[in-house]
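A look at the structure
Residues per chain are reported as follows:
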Amino acid sequence: MANSELVTAADVQLMRGLAQRVTATRPDLVNGDATYGELAWNWGKGHASDGASWRRRLWFSGGDLVAWSWAHLPHQVRRSDGSVQDVTGAYLAYQVHPDHAGLVDEVIDWYGGTAVRRRASSVR
């Protein structure tokens, strides 16, 4: 099962569970943005201000989360002086359980399609 929506607190809990499982079995495969602590920190610090520009997709095998991707998409930020700044870059954070390494290509494909759709919709 896979789905693509805004990142929620419940998603972060699932993602942190995967981080723990990967860290326990293959700590060399945990990227800096996918650690147990970083997931909570990144979501907590940016959820209110940037959450609408964060999309995620979750992949499950049985009832277990085996991969996730989190796209930070282009968006606008209102600065403290009232001005608006365009953030034009996109960024992908992800984690795939080593037993499901074949999903890496699907993660990258999802990100490519999501980032392209977002750029196209913001141009209109």
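Look a little higher up for the structure.
What you are looking at is a predicted structure, and each value in this text was computed from that prediction instead of being measured.

Side note on the nonpolar core
In this structure, Met15, Leu39, Leu65, Trp68 and Trp70 are the most contacted members of the largest nonpolar core, which totals 17 residues. Looking at which element gives the most residues to this core, the answer is helix 1 (residues 9-25), with five residues. Excluding its chain neighbours within four sequence positions, the residues that come into contact with Leu65 are Leu14, Met15, Leu18, Arg21, Leu58, Trp59 and Phe60. In terms of nonpolar packing, the next biggest core, distinct from the first, is built from twelve residues, Trp59, Ala71, Val96 and Val107 among them.

A few points about the packing of aromatic side chains
This structure, assessed with the given rule, holds one aromatic pair. Just above the ring of Tyr36 sits the side chain of Arg16; from NZ or CZ to the centre is 3.6 Å.

Considerations on the pattern of salt bridges
The final tally for this structure, using the stated rule, is three salt bridges. Put simply, Arg56 and Asp11 hold a salt bridge, and the shortest N to O gap is 2.8 Å. Remark: Asp11 occurs in helix 1 and Arg56 occurs in strand 2 (residues 54-61); sequence separation between them is 45 residues.

Focus: the pairing of strand 3 (residues 64-72)
In terms of burial, strand 3 is a largely internal element, seven of the nine residues being buried. Sheet analysis places strand 2 next to strand 3, joined by eight bridges and oriented antiparallel. Directly across from Ser61, in strand 3, lies its bridge partner Asp64. Taken together, strand 2 and the strand that follows it, strand 3, pair antiparallel across an intervening segment of two residues, in which Gly62 is found at a positive phi of about 65°. Pairing of strand 3 with strand 6 (residues 91-96) involves six bridges; the strand directions are antiparallel. Looking at strand 6, one finds that His72 is bridged to Tyr91.

What counts, and at which threshold
- Sequence positions are assigned chain by chain, starting from 1 and proceeding in written order.
- Only residues with pLDDT of at least 70 are given local features in this predicted model, and only at 80 or more are side-chain atom pairs given and counted; all residues enter the totals for whole chains, interfaces and linings.
- Excluded from the side-chain calculation are hydrogens and water; included are all heavy atoms of the structure.
- We define a nonpolar core as any set of buried Ala, Val, Leu, Ile, Met, Phe, Trp, Tyr and Cys residues linked to one another through side-chain atoms lying within 4.5 Å.
- Only protein chains enter the accessibility calculation, which uses a 1.4 Å probe; a residue whose area is less than 20% of its type maximum is buried, one above 50% is exposed, and one in between is partly exposed.
- Here a helix means four or more residues in a row that DSSP labels H or I, a strand means two or more in a row labelled E, and each is numbered from the N terminus.
- Contacts are residue-level and defined by heavy atoms, with any inter-residue pair within 4.5 Å sufficient.
- Two rings from Phe, Tyr or Trp (for Trp, the six-membered ring) form a pair when their centres sit within 6.5 Å of each other. Planes less than 30 degrees apart are called stacked, planes more than 60 degrees apart edge-to-face, and all others tilted.
- Any Lys NZ or Arg CZ that is within 6 Å of a ring centre and within 35 degrees of that ring's normal is treated as a charge sitting over the ring.
- Salt-bridge detection follows one rule: a side-chain nitrogen of Lys or Arg within 4 Å of a carboxyl oxygen of Asp or Glu.
- Any two strands are treated as partners once DSSP identifies two or more bridges connecting them.

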